[in-house]
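Listed below, chain by chain, are the residues.
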There are 2 protein chains.
Amino acid sequence: MPKIADKYLVVDPWKVVEEGFDPQRSRVSESIFSLGNEYMGVRGYAEEGYSGDTLIGSYFNGLFEESEVGAHYKGIIRSLRFMVNGVDWLYTRITIDDETFDMGTSKFSNFRRELDFKRGVYTRQLIWHLQNGKSVQLFFERLVSMEVSILGCQRLVLKPLNFTGTAQVIMGLDFATIHEDQNTRYWETVKQDRQRGISGMLGQTANTGNRLFSSYRLALPEGAKSTALSEENFIGDEIILKLNKEEETVVDKLVINCADKDREQSDVEVWSKGMKLAKQYAQVDYQTAAEQQEQYWAKVWKHSDIVIEGDPENQQGIRFCIFQLYQTYHGDNPGFNIGAKGLTGEAYRGLAFWDTESYCLPFYIFNNPKAARSLLEFRYKTLPQALERAKELDCAGAFYPIATIDGTESCDLWQHSNLQLHVGTAVAYGIRHYVNITGDRAFLYEKGLEMLIQISRFYATRGQWGQKSGKYGYFGVMGPDEFQLMVNNNCYINLMAKKLFEYTLQTIAEMEQADLAVFAALTDRLGLTMQEQIDWKNKADNMKIPYDDETGIYEEHDGFFDMPHLDIHSIPVTEFPLYSHWSYDRLYRYDMIKQPDVLMFMFLYSGEFSVEAKRANYDYYETRCIHESSLSPSIHSILAAEIGRPAEAYKFFEFATRLDLDNYNRNTREGLHTTSIAAAWMNIVYGFGGMRSDGDKLIFNPTIPERWSQYSFPITYQGTELAVDVNQQRVKISVRSGDPASIHIYGQDYIVGPAGIVLDLKKEG
Amino acid sequence: MPKIADKYLVVDPWKVVEEGFDPQRSRVSESIFSLGNEYMGVRGYAEEGYSGDTLIGSYFNGLFEESEVGAHYKGIIRSLRFMVNGVDWLYTRITIDDETFDMGTSKFSNFRRELDFKRGVYTRQLIWHLQNGKSVQLFFERLVSMEVSILGCQRLVLKPLNFTGTAQVIMGLDFATIHEDQNTRYWETVKQDRQRGISGMLGQTANTGNRLFSSYRLALPEGAKSTALSEENFIGDEIILKLNKEEETVVDKLVINCADKDREQSDVEVWSKGMKLAKQYAQVDYQTAAEQQEQYWAKVWKHSDIVIEGDPENQQGIRFCIFQLYQTYHGDNPGFNIGAKGLTGEAYRGLAFWDTESYCLPFYIFNNPKAARSLLEFRYKTLPQALERAKELDCAGAFYPIATIDGTESCDLWQHSNLQLHVGTAVAYGIRHYVNITGDRAFLYEKGLEMLIQISRFYATRGQWGQKSGKYGYFGVMGPDEFQLMVNNNCYINLMAKKLFEYTLQTIAEMEQADLAVFAALTDRLGLTMQEQIDWKNKADNMKIPYDDETGIYEEHDGFFDMPHLDIHSIPVTEFPLYSHWSYDRLYRYDMIKQPDVLMFMFLYSGEFSVEAKRANYDYYETRCIHESSLSPSIHSILAAEIGRPAEAYKFFEFATRLDLDNYNRNTREGLHTTSIAAAWMNIVYGFGGMRSDGDKLIFNPTIPERWSQYSFPITYQGTELAVDVNQQRVKISVRSGDPASIHIYGQDYIVGPAGIVLDLKKEG
């Protein structure tokens, strides 16, 4: 795994700190210092304008534009939807004595910025040395409110160190942002207006008609004078501030942003709704918002913090991951999903992948079940699009998109969007996982089963019977391992489909028992027949699972064992990433894999495979895996811990936890690896904690890395909050709140209560 | 094979005749009535302007434009080159009494048009009934000179039937043509000028700077007055003609077109060269050009005519094929290739495919060896591009493009351009075939071997060793059968590569013996090592050829026998072509094939497979083949004849011979199926004639379709012209000119002289 940390930031348990400004790392820091609240997100760009390398990125969950795709054939998508760059609501310019501050051209010192996990704010301070010898300390703070999703707050503090005078500050809302990936400006202005100290503006995207209402209020110091400014895509204020030597002058800006995708509403309605909300929150001042923010985060940390002792770097890393995960998504707003880069950049176009269910969902299931349910409801809400897409592919049921912002397929590489079938089974697995851990059968019966039936219908029509094998399976597919492009009987896909059919049938039987009337109404509506169920059972029973009896190794797909061998360590480091250095077709003709595929299902259905089987398959596949997906190391870390390879487990663990802080992949500049961040949580809980949640019982087999003295994490299981606390001697699991829980530790059943169970740490022989 | 003839045109042994005008078939007829001389081609559009459905298509071999391709990955092409639509050099407008003639709006009768195979001209006549009651007979004739490639001639005859008066005729050169496929006008005017009765214009393509000089002279009747016209993209004359009742007034226009792709030359040089040629041919009048044309065609028919007695439709069909083949290509101009639609339309973008070597080359080898050599020299000339392309794909040697106009790859579907390897082996096969039949070892040693070595280098670096099989082969490929998109060890590719290596090594050994000094110089220049040769031998010896010992059936690729079965006859006719009606990915997951793949190599290396083996494989694969390529039926026809299925042979034969005349595929409107036209020749010579030319001896096993009384064809073999003449009783093969030839008939060797050999026709038991 040719991935090397780029150590740069200051290590601190509760903050990310950058001391001194490095223009070369400007975009990387912009990503790391991103703020968000799932509704909106904003990169850590310099709001006062920066002539150096910057991406003014301001994103609103689910707000999209679209572009046409030159499709040649049926079933290949014709338009591409992507998250659009929104309003720069932080827009600021600072001028003193005709010199305008710009980190690209101005002289400044004492630069320091912090992302504070406890307060949920991003601060930046520096001393600006003007050409005329004057010096002024600038302090910037911003927050995106977790409590009030539509609220963003900005504070600017000026403190002249050696003079008394005036400053001109411009603050406003700028809709002239460029969507960098498409090199296009998408916003048109619908309306601008000012009412009772609130300046508002309504913008609309050119092709999709998505609308965004944005407004701001200023809280100015006494004696400040402001003048209204207006341009086609901009509304703002010019403020003249009196500055007194060694005194702080504070300007606050409070912004309300309301994103609206509903084309049914008139512009007048959208405007009125926005203005009404702006007025409603007009009483909130910066201080109040900051206090609420800190309270919100206190609750998050109380229920979701992971404590690591003896490893400050990873302590910081895992808190950064949890902080960013909550910022990206916490389930307060319905209808959202998690983009591969969250709300921190344009890469992957703001689209959600199977990562949501496979890598992010577990964090929410065990920390924030409401949010987990809300993620699954995104799939329920977009079921109509999945039904439509299956039809386009000449299949029945629902085919969930490999990449989407609104439920329609938005991956313009046909080989991925048409051949990667594994989102559907990931959704099904997510439903099963969520229901098993939370016990939320209401969701299962109201929405889950309908999805399961429609997904099963897809898998029952997309698959085929092998002519020679007589077995059922999937031909012309790409599994999670994207280095095997178009293969037959991918083991992961086949196994997951088999499990899907079985779980759907089991749920049908269960619901029929539980509530026959509601069940009958559902199956009537869906036209579910007994014949279908027999068909699914037959296909599940006869599913082909490529496997070598002699070695106990699952064959990733038909013919994989004959694929030419490549010693992956013989590839020069300079050739990574291979996507950029190898001819596209060359990637696909070795036994080299990009990310776990067989190992993935051995993790997901852990209980069905022995440690020996995992070890054999790990040894075979890990040596062939180049981890070109940032999601890859974590599954390896978890399995390495299980099969008794603590050093390897730790090596793979480190990568995910500090992937962005140490810019391992050298592409953090494009945005954070949000779904890998979720995997970092899994590394600790499933990896070192040895938790397994795929069976009837919740299992723990804790280990602890050598260099740690202690670690602990909470999880919520069937309404009970458990604390898992491990040191080099013992494991302690106790109930923090809720009923006693039945769990399995080191192969034994226990009923755990508030007093907890303490066991000796089991060490690998 | 759901392909049904659309019988419409008049059957005539030496002409294509259309009586009456059908606007619905306007574009189909435009394609069928195309004229060309390999240098330029022009569709049978109405030169006087037509407001109905028309494609003003005027093409110049190798003249191209290019457009960018949105490529995501390395090795995927970034620009696309395609044949551009050129000047409308036939531009004409006819006005009488303020009414302008237009077949879309005018009243007319007695419409008849002919394409005359003996004269090589296209004529059209009709009577125009003006709104004011006047009637005038219009007669149009055009020819594209086979003798002088740059010369095009046009004649317009007006004969008033019931009045004496005047007509206004505009004639000129129009560079404002639209390239319909790209919906773009590519031509910019560089210069216009008139000198000594010659009006000339130089146009240039916007992106590639290809230039086209075009000029015309008019031959006007006495008393006609002409006025010069000039617009930005047009130069012409307005002619006022005096018309006398029942007398013919003739206007001739003689055009010189010089296409120039050489960017090194200045505009002045290109212009001067064009004008010089225009002046040089200024003496040629229409009558002389028409006489030369007829003489040229007389020679063609003397040496290449196929006579069929008892089947007027196919007699017409095969002559149409030979006529169009010669029009598309006859080797007088170096550096040309054969586009899939010849010079008759924009479909397939004017690009040449492997069809050239696989389907067209045999016709030229046996009818016009100089043209055959010239085709192979196109590949030699474009060797640098093939070397470059191999590098882009991380391979050594030469990788010939799957679709090209100038040697660069121009297929924008990566799955075809990166995975279809079979052009290189087709070129190698073509070299071998050409050399074996003509004995032209000079070509082999001067150019052929260099290509063979570079092609071998590609195949030696693109292939890999199967980890389990221990055999060499090609992974991640698409064979000729494009319904199996990305497979391993395609039997055709592997077998052809094995043969390639063997032939290259054999040629090396032979040339080393024949001319050591020249050989040493060549291998020095190419850096050929003994190690490479050992490597090729090893790979040839260990090539994987998937084959089932029990059934004797070759497996098209690894895993083909397990592909889900589909009864192709169960597909509703309305779902054809499948490319338009099935989801793209669905095409690729059955044991259904698009065109012969295993059967293709059984034909190409016929001598190495027994009739029994062919029968078994034919029975297996033909029942799985939907013939979605127009090239497919012909190979089946040839094999059906060999294995004793005369009815099937005839059914498949008919399709190719009248594919365009009867618009079998309903897409002749886009242009003629030029390479399928070449296959029609193969159907007769290889099919019914039973010729095989892949071994040391030329073999004949003639049969004759039941409904034919007699057929005959000439072929040129090692400098000798042989006539093969078959009727229901006997076979006669004799020498028309040249030395006696050693051939093999019905399993016996014969030396054939002018008197010929007469044998009883062998009938299948």
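Where an unreviewed UniProt entry is consulted, chain A appears under the name Family 65 glycosyl hydrolase, with the organism given as Paenibacillus lutimineralis. According to the UniProt record, the Sequence similarities (unreviewed entry) comment for chain A reads "Belongs to the glycosyl hydrolase 65 family."

Caption draft 1: Local environment of the UniProt feature "domain: Glycoside hydrolase family 65 central catalytic" (unreviewed entry) in chain A. UniProt tags residues 319-682 of chain A as "domain: Glycoside hydrolase family 65 central catalytic" (unreviewed entry). The span residues 319-682 of chain A is 52% helical and 2% strand by assignment, and the distance between its end C-alpha atoms comes to 13 Å.

Caption draft 2: Structural view of the sheet that holds strand E5 (residues 79-85) of chain B. Residues and elements named next belong to chain B. Ordered by their spatial adjacency, four strands build an open sheet running E2-E3-E4-E5, and the pairing between neighbours is antiparallel. Where the open sheet ends on each side, the last strands, each with one partner, are strand E2 (35-36) and E5. Strand direction decides the pairing type here: strand E4 (residues 58-68) and E5, joined by six bridges, are antiparallel. Residue pairing for E5: Glu68 is matched across the bridge by Ser79.

Caption draft 3: Examining the side chain of Ser693 of chain A more closely. All names here are of chain A. Structurally, Ser693 can be placed in the loop between helix H19 (674-688) and strand E24 (698-700). Of the polar contacts made by the side chain of Ser693, one reaches the side chain of His433; its length is 2.6 Å. Sequence-distant contacts of Ser693, defined by excluding residues within four places in its chain, comprise Phe366, His433, Ile437, Tyr686 and Leu698.

Caption draft 4: Inspection of the relation of the copies chain B and chain A at higher detail. Each copy superposes on the other: chain B lies on chain A with an RMSD of 0.1 Å after a rotation of 180° and an axial shift of 0.1 Å. In short, the pair behaves as if placed about a two-fold rotation axis. The position closest to the rotation axis in chain B is occupied by the C-alpha of Met486 of chain B, lying 3.2 Å away. Looking at chain B, 100% of its interface residues are interface residues in chain A too, so the copies touch through the same face.

Caption draft 5: A look at the pairing of strand E25 (residues 710-717) of chain B. Residue and element names in this part refer to chain B. Of all eight residues that make up E25, seven are buried, and the element is covered over most of its length. With eight bridges joining them, E25 and strand E26 (residues 720-727) adopt antiparallel strand pairing. Its bridge partner lying in E26, Phe713 is registered against Val724. Between the end of E25 and the start of E26, which pair antiparallel, lie two residues, with Gln718 showing a positive phi angle near 50°.

Caption draft 6: Here's a closer look at the interface of chain B and chain A. Taken together, the contact between chain B and chain A spans 47 residues of the former and 47 residues of the latter. A buried area of about 3900 Å², summed over both sides, lies between chain B and chain A, and 54% of it is on carbon and sulfur atoms. For Asp585 of chain B, the salt bridge is made with Arg462 of chain A, and the minimal N-O distance between the two is 4.0 Å. At the boundary of chain B and chain A, one finds 20 residue pairs in polar contact (both at pLDDT 80 or more). Of all the secondary structure elements, the ones that give two or more residues to the side of chain B that touches chain A are helix H8 (414-417), strand E20 (464-465) and helix H14 (578-581) of chain B. Element by element, the count of residues in the side of chain B that touches chain A is highest for H14 of chain B, at three residues.

Caption draft 7: Layout of the packing of helix H17 (residues 632-642) of chain A against helix H18 (residues 646-657) of chain A. All names here are of chain A. For the pair H17 and H18, the least separation of the axes is 8 Å and the interaxial angle reads 155°. Relative to H18, the element H17 is oriented roughly antiparallel. The handedness of the crossing between H17 and H18 is left-handed. Contacts between H17 and H18 involve Pro633, His636, Ser637, Ala640 and Ala641 from the first element and Glu648, Ala649, Phe652, Phe653 and Phe655 from the second. A class-by-class count of the residues in the contact of H17 with H18 yields seven nonpolar, two polar and one charged.

Caption draft 8: Broad picture of helix H10 (residues 441-462) of chain B. Within H10 of chain B, the axis deviates most sharply at Gly448 of chain B, by approximately 50°. Burial analysis of H10 of chain B places 18 of its 22 residues in the buried class, which makes it a mostly covered element.

Caption draft 9: Quick peek at the layout of surface pockets. Residues and elements named next belong to chain A. The space that makes up the second largest pocket amounts to roughly 1600 Å³. Taken together, 48 residues make up the lining of the second largest pocket; nearest its centre are Tyr348, Tyr579, Lys594, Glu628 and Asn667. Listing elements by their share of the lining of the second largest pocket, those giving two or more residues are helix H14 (578-581) and H19. A per-class count over the lining of the second largest pocket returns 21 nonpolar, 15 polar and twelve charged.

Caption draft 10: Molecular detail of the packing of aromatic side chains. Taken as a whole, this structure holds 119 aromatic pairs over all chains when the rule is applied. Their ring planes at 55° and their centres at 5.3 Å tell us that Phe21 of chain B and Phe111 of chain B sit as a pair that is tilted. One end of the pair, Phe21 of chain B, is in the loop between strand E1 (15-19) and helix H1 (26-32); the other, Phe111 of chain B, is in strand E8 (residues 107-116), and 90 residues separate them in sequence. The exposure classification of Phe21 of chain B matches that of Phe111 of chain B, with both residues buried. If you follow Lys118 of chain A out to its NZ or CZ, it ends over the ring of Trp14 of chain A, 4.7 Å from the centre. Note that Arg586 of chain B overlies the ring of Trp582 of chain B, its terminal NZ or CZ placed 3.6 Å from the centroid.

Caption draft 11: Highlighting the packing of helix H6 (residues 369-381) of chain B against helix H7 (residues 383-392) of chain B. Residues and elements named next belong to chain B. Contact pair H6 / H7: the axes reach a minimum separation of 5 Å and the direction vectors enclose 50°. Between H6 and H7, the interaxial angle falls into the category oblique. Within the contact between the two elements, H6 uses Arg379, Tyr380 and Lys381 and H7 uses Leu383, Pro384 and Gln385.

Caption draft 12: Just the sheet that holds E25 of chain B, in detail. Residues and elements named next belong to chain B. The antiparallel open sheet is built from five strands, whose spatial order is E19-E25-E26-E27-E30. In this open sheet, the two edge strands, each paired with only one partner strand, are strand E19 (307-309) and strand E30 (757-760). Within this sheet the neighbouring strands show an average axis-to-axis angle of 15°, counted without direction. Pairing of E19 with E25, which is carried by three bridges, proceeds in the antiparallel orientation. Across the sheet, Glu309 pairs through a bridge with Gln710, a residue of E25.

Rules behind the numbers
- Residues take numbers from 1 onward in each chain, read along the sequence in its written order.
- By the order in which they are written, chains take letters starting at A while ligands take numbers starting at 1.
- Whole-chain, interface and lining totals are the exception, using all residues; otherwise, since this is a predicted model, local features are given only for residues with pLDDT of at least 70 and side-chain atom pairs are given and counted only at 80 or more.
- Hydrogens and water molecules were not included; the side-chain quantities draw on all heavy atoms of the structure.
- UniProt positions are given in the numbering used here, feature names are shortened, and annotations may be inferred rather than shown by experiment.
- Each helix is a run of H or I in the DSSP string that is no shorter than four residues. Each strand is a run of E no shorter than two, and both are numbered from the N terminus.
- What makes two strands pair is DSSP finding at least two bridges between them.
- Polar contacts, as used here, are pairs of N or O atoms within 3.5 Å; protein pairs need one atom able to donate a hydrogen and one able to accept it. Residues neighboring in sequence count only if both atoms are side-chain atoms.
- Any pair of residues with heavy atoms lying within 4.5 Å of one another is described as a contacting pair.
- When the copies are superposed, the least-squares fit draws on C-alpha atoms of residues that have pLDDT of at least 70 in both.
- Partly exposed describes any residue whose relative accessible area lies between the buried limit of under 20% and the exposed limit of over 50%, with all areas from a 1.4 Å probe on protein chains only and scaled to the type maximum.
- When two components associate, each loses some accessible surface as probed by a 1.4 Å sphere; the sum of these losses over both components is called the buried area.
- Any carboxyl oxygen of Asp or Glu that lies within 4 Å of a side-chain nitrogen of Lys or Arg is treated as forming a salt bridge with it.
- Structural elements are reduced to axes, namely lines fitted to C-alpha atoms, with helices fitted over the stretch in contact, and the angle between N-to-C directions of any two is expressed from 0 to 180 degrees.
- Here is the rule for angles: anything less than 35 degrees is roughly parallel, anything more than 145 is roughly antiparallel, 65 through 115 is roughly perpendicular, and the remaining ranges are oblique.
- Working rule for handedness: look at the near helix, and if it is turned counterclockwise from the far one by less than a right angle, call the crossing left-handed; if clockwise, right-handed.
- Gly is put with the polar residues, along with every residue not named as nonpolar or charged; the nonpolar set is Ala, Val, Leu, Ile, Met, Phe, Trp, Tyr, Cys and Pro, and the charged set is Asp, Glu, Lys and Arg.
- Bend, in this description, refers to the angle at a residue between axes fitted to the seven residues ending there and the seven starting there.
- Think of a 1 Å grid over just the protein atoms. A cavity is a set of points where a 1.4 Å probe fits yet cannot get out, a pocket is an open set with protein on both sides within 12 Å along at least five of seven lines, and lining residues have an atom within 4 Å of a point.
- Grid points are joined across faces, edges and corners, and a volume is the space filled by probe spheres set on the points.
- Pairing of aromatic rings covers Phe, Tyr and the six-membered ring of Trp, with a centre-to-centre limit of 6.5 Å; geometry is then stacked below 30 degrees between planes, edge-to-face above 60, and tilted otherwise.
- For a lysine, the NZ atom is tested; for an arginine, the CZ atom; a charge sits over a ring if that atom is within 6 Å of the ring centre and within 35 degrees of the ring normal.

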